[in-house]
Amino acid sequence: MLQVEKLRKTYGDLVAVDDVSFKLERGQMVGLLGPNGAGKTTTVSMIAGLVTPDRGEVLIGGVRLKGDTDPAKRRIGLVPQDLALYDELCPTDNLRFFGSLYDLQQPALDSRIKEVLELVGLSERARDAVKNFSGGMKRRLNLAAGLLHDPDILLLDEPTVGVDPQSRNAIFENLEALKAQGKALLYTTHYMEEVERMADRIVVIDHGRVIADDTLAGLHQRVPGVEGERPSLEAVFLTLTGRSLRD
Amino acid sequence: MLIPLRAMIRKDLQIFFSDRRSVIMSFIAPIAIASFFGAIFTSSGSSAPSRVAVMIADQDNGAIARSIIASIKADSALAVSVVSADSARSAVQNGKTSVAVVLPPGFGDAAGIAFITGSHKPELQLFYDPSHSAELGMVRGMLMGHVIDAVDREMFSGAQGRVLAARVLATFDSAGMPPAQQERFRAMLDAAQNLYGGPAQSGAAPVGLSTPYTVKETAATSDANVAYNGYAHAFAGMGVQFLLFAAIDLGVGILFERQRGLWKRLRSAPISRTLLLGGKAASGTLITLMTLLVSFAFAIVVFKVRIHGSVAGFLAVSVATALMASTFGLLVASLGKTPSATRGVAILAVLLMVMLGGAWVPSFIFPAWLQKVTVVVPARWAVDGLDAMTWRGLPFNAAVVPTLVLLGFALLFGVLALSRFQWEEA
């Protein structure tokens, strides 16, 4: 469903993403892992059309994504790392606005808003100003905004940063439900257990390059266990990317 | 395309109206400051221009000095009070009056004699406030007319004039003037005394040589019966200023949206860059236009400001100004990096723009070179256009050029914003 082909992006002398390729199929979640500054967010931004790659291409359903107004962008839903919401507005008004950007119209728009608010458990707060929400509620609404236009591919950039375990668990349940519906999910995070729990395949990026693209089991096989114990994903990650700090 | 555009406008209006305190300030601030400036530039609601306060100290007390003071007092452009010389100087020094005139002892007689002989001219002492030097020039010019009128009137028809003339005639011999010239002078003075010195008709003012014209002052407003209303210019100037401040809010708001990651969401939607900035420009135009129109509505109701020119022209200039301001806001967003740093620089730019645009004081009082230079300042066209449609009472034609120029600025700002905008959202 999503195919990333040899993407490259530089900022001056800095090579942010270099020759990155991977695939994401329907009903699949790919975990995109990497240390800080590895190029995860730049990769996601290029897929979402926020950043123009210097080279390479993004294919949606086999068709190259081109230009700001490419209708294929409707098949992508972005859940950015920032809480990209208007605090002054209520969830309904936020979602009405974001839905209108995808040409959603009444009454389908209101019906869809109701569905996504139910999914993320915010139906009862649909008319409250977002500025009064907790971090977890905002994260769930952030997810709802990305889902509103019913995209086939969901790009999730660290969607659980700073949320309490309850909201985090609720988000996982939402994502698992979406996966079960056949959505393709690309998930970037620093939390290894999230990827272990949900990802079907894991792509590890470091210094802008893909250094591993495998299943969880495949990654485990790359690092020898200790005393017959299977190594943790974190141990695998540190083995692949090294232990030097990446501030 | 219309659905996202409408949604962007509706959302920005919702956000604008969601902060009631900010909304009230958006409307109250321009009204309050424009009212203050209007009060300064309006002469108590009367059509007469404000009078310059002048203090006069009469140390002479002669007929000519009294005549000079009477003449000055009758001048509608001056508000005269007669005080002592010390009080006059002290009042100027303390800033209570701008100019003071001291008629020294013997001034009138010396002036009368100097009027004929051209020598030994007496000195008139003027004290002036150096921060009001323009008023010094004005008073000096008026004073000259009043002194000449009073002296020649007295010399040719007054009792004191006859005494002085006789004294002058008596000095000719001792002055060594050639006999032929003495004769011609004596003949002229005798003729003047004979002409004007006969028994005065009852109630007739003494006559003599005088300034050969009078002045009829008419304020060139929209109609002879329409007084200049200083609030009209003040509301135009302050309206444009606060409209540009609202534009800064628009630009800084975009930068805040970027900081909050909202532009990632906007850019990930399948809509064009032109539409994204066009939506912002449209909502910005509506909000700034509303600010301007509410201010003028207040001025119309409270200060009786009227659109004496074309209403359509007024609306055209207003819309073009609002569009120019909102695209200026986009330019601010496209050139700015962080919201706080951008706000500071943008406020400075706007203050310069409105100052040079004549929003604080009318541009016609600028030096000629500055008036020429400021045609590149959009605020100048906005203020001049609104002035033309309000107190100047000019027809629609007078709104066309300002409107087109403002639309040109809007286009320029919009194109620059589109090309310089940071579109990549990494």
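Just so you know, these numbers come straight off a predicted model, no measurement behind them. (Residues numbered from 1 in each chain as written. Chains lettered and ligands numbered in written order. Predicted model: local features only at pLDDT ≥ 70, side-chain atom pairs only at ≥ 80, totals over all residues.)

What follows is about the overall build of chain B. The number of helices and strands found in chain B is 16 helices and four strands. Out of the 426 residues belonging to chain B, those deemed buried represent 41%. Once local pairs closer than 6 in sequence are excluded, the contacts in chain B between residues at least 24 apart make up 82%. (Helix = DSSP H or I, 4+ residues; strand = E, 2+ residues; numbered from the N terminus. Buried ≥ 20, exposed ≤ 12 C-beta atoms within 10 Å, placed from the backbone. Contact = placed C-beta atoms within 7 Å.)

Looking at chain A as a whole, its pLDDT mean stands at 89, while 98% of the residues score no less than 70. Put simply, helix α8 (residues 233-241) of chain A is where chain A has its lowest mean pLDDT, 78, and helix α2 (residues 91-100) of chain A is where it has its highest, 95. (pLDDT = per-residue confidence, 0-100.)

Let's shift gears to helix α11 (residues 273-302) of chain B. In a regular helix each residue adds 1.5 Å, so 30 residues correspond to 44 Å; α11(B) covers 43 Å between its end C-alpha atoms and thus fits that length. One or two steps after α11(B), the chain reaches Lys304(B), where phi turns positive at roughly 55 degrees. (Expected span 1.5 Å × (residues − 1).)

What follows covers the environment of Gln3(A). Residue and element names in this part refer to chain A. Tracing the chain through its elements places Gln 3 in strand β1 (residues 2-11). Taking the C-beta count within 10 Å as the criterion, Gln 3 has 17 such neighbours and is therefore assigned partly exposed. When the C-alpha atoms of Gln 3 and Lys 23 are compared, they prove to be 4.6 Å apart, with 20 residues separating the residues in sequence.

Between chain B and chain A, the contact holds 24 residues from the first and 32 residues from the second. Listing elements by their share of the side of chain B that touches chain A, those giving two or more residues are α1 (2-18) and α10 (262-268) of chain B. Sort the elements by how many residues they give to the side of chain B that touches chain A and α1(B) lands first, with seven residues. Among the residues making up the side of chain B that touches chain A, the classes are represented as 10 nonpolar, five polar and nine charged. (Nonpolar A, V, L, I, M, F, W, Y, C, P; charged D, E, K, R; others polar.)

General note: in soluble globular proteins, nonpolar side chains tend to be found buried as a group. Counting 146 residues, the largest nonpolar core has Ala144(A), Leu155(A), Phe235(B) and Leu244(B) as the members making the most contacts within it. The greatest single-element share of this core, amounting to 18 residues, is contributed by helix α9 (residues 230-259) of chain B. In contact with Ala144(A), other than residues within four places in its own chain, are Leu95(A), Val116(A), Leu117(A), Leu119(A), Val120(A) and Leu122(A). Counting 34 residues, the second-largest nonpolar core is a separate cluster that includes Met55(B), Val92(B), Val151(B) and Phe156(B). (Core = buried A, V, L, I, M, F, W, Y, C linked by C-beta atoms within 7 Å.)

Residue and element names in this part refer to chain A. The six strands lie next to each other as β6-β7-β8-β3-β9-β10, forming an open sheet whose pairing is mixed. Looking along the sheet, the strands with just one partner apiece sit at the ends: β6 (76-79) and β10 (209-214). Between one strand axis and the next, the sheet turns by 15 degrees as a mean value, whatever way the strands run. Pairing geometry for strand β7 (residues 153-157) and strand β8 (residues 184-188), over five bridges, is parallel. Bridge assignment links Leu 154 to a residue of β8, and that residue is Leu 185. The strands touched by helix α4 (residues 135-147) are β6 and β7; relative to β6, the strand with the most contacts, the crossing angle is about 165 degrees. (Pairing = 2+ DSSP bridges. Axes fitted to C-alpha atoms, helices over the stretch in contact; angles between N-to-C directions.)

Below, the discussion takes up the environment of Val52(B). All names here are of chain B. Secondary-structure assignment places Val 52 in strand β1 (residues 52-58). The exposure class assigned to Val 52 is buried, which follows from the 20 C-beta atoms found within 10 Å. Through-space distance from the C-alpha of Val 52 to that of Leu 78 is 4.8 Å; in sequence the pair is 26 residues apart. Ignoring anything within four residues of it in the chain, the contact list for Val 52 reads Ala 77, Leu 78, Ala 79, Ser 98, Glu 135, Met 138 and Val 139.

This part covers the pairing of β1(A). Residues and elements named next belong to chain A. Of the pairings in the sheet, the one linking β1 to strand β4 (residues 55-60) comprises five bridges and is antiparallel in character. The partner of Arg 8 across the bridge, within β4, is Arg 55. Examined bridge by bridge, β1 and strand β2 (residues 14-24) share seven bridges and lie antiparallel to one another. Note that in β2 the partner of Gln 3 across the bridge is Lys 23.

Residues and elements named next belong to chain B. Closest axis-to-axis distance for the α9/helix α13 (residues 339-356) pair is 10 Å, and the angle between their directions is 160 degrees. By the angle between their axes, α9 is roughly antiparallel relative to α13. The way α9 lies across α13 gives a crossing that is right-handed. In this structure, α9 contributes Gly 237, Val 240, Gln 241, Leu 244, Phe 245, Ile 248, Gly 251, Val 252, Leu 255, Phe 256 and Gln 259 to the contact, and α13 contributes Pro 339, Thr 342, Arg 343, Ala 346, Ile 347, Val 350, Met 353 and Val 354. Within the contact of α9 with α13, the residues separate by chemical class into 13 nonpolar, five polar and one charged. (Parallel < 35°, antiparallel > 145°, perpendicular 65-115°, else oblique. Left-handed = near helix turned anticlockwise from the far one by under 90°.)

All names here are of chain A. Cis peptide bonds are those with omega within 30 degrees of zero, and the linkage from Gln 106 to Pro 107 qualifies with 0 degrees. Its location among the elements puts Pro 107 in the loop between α2 and α3 (108-119). The backbone phi angle of Asp 103 is positive, close to 65 degrees, even though this residue is not glycine. Position of Asp 103 among the secondary structure elements: in the loop between α2 and α3.

With that settled, consider the packing of α11(B) against helix α12 (residues 311-335) of chain B. Residue and element names in this part refer to chain B. Relative orientation of the contacting elements α11 and α12 amounts to 130 degrees, with a least axis distance of 8 Å. By the angle class used here, α11 and α12 are oblique. You can see that α11 and α12 cross each other, and the crossing is right-handed. Of the residues in α12, those in contact with Leu 277, Lys 280, Ala 281, Gly 284, Thr 285, Thr 288, Leu 289, Leu 292 and Leu 293 of α11 are Ser 318, Val 319, Thr 321, Ala 322, Leu 323, Ala 325, Ser 326, Thr 327, Gly 329 and Leu 330. A per-class count over the contact of α11 with α12 returns 10 nonpolar, eight polar and one charged.

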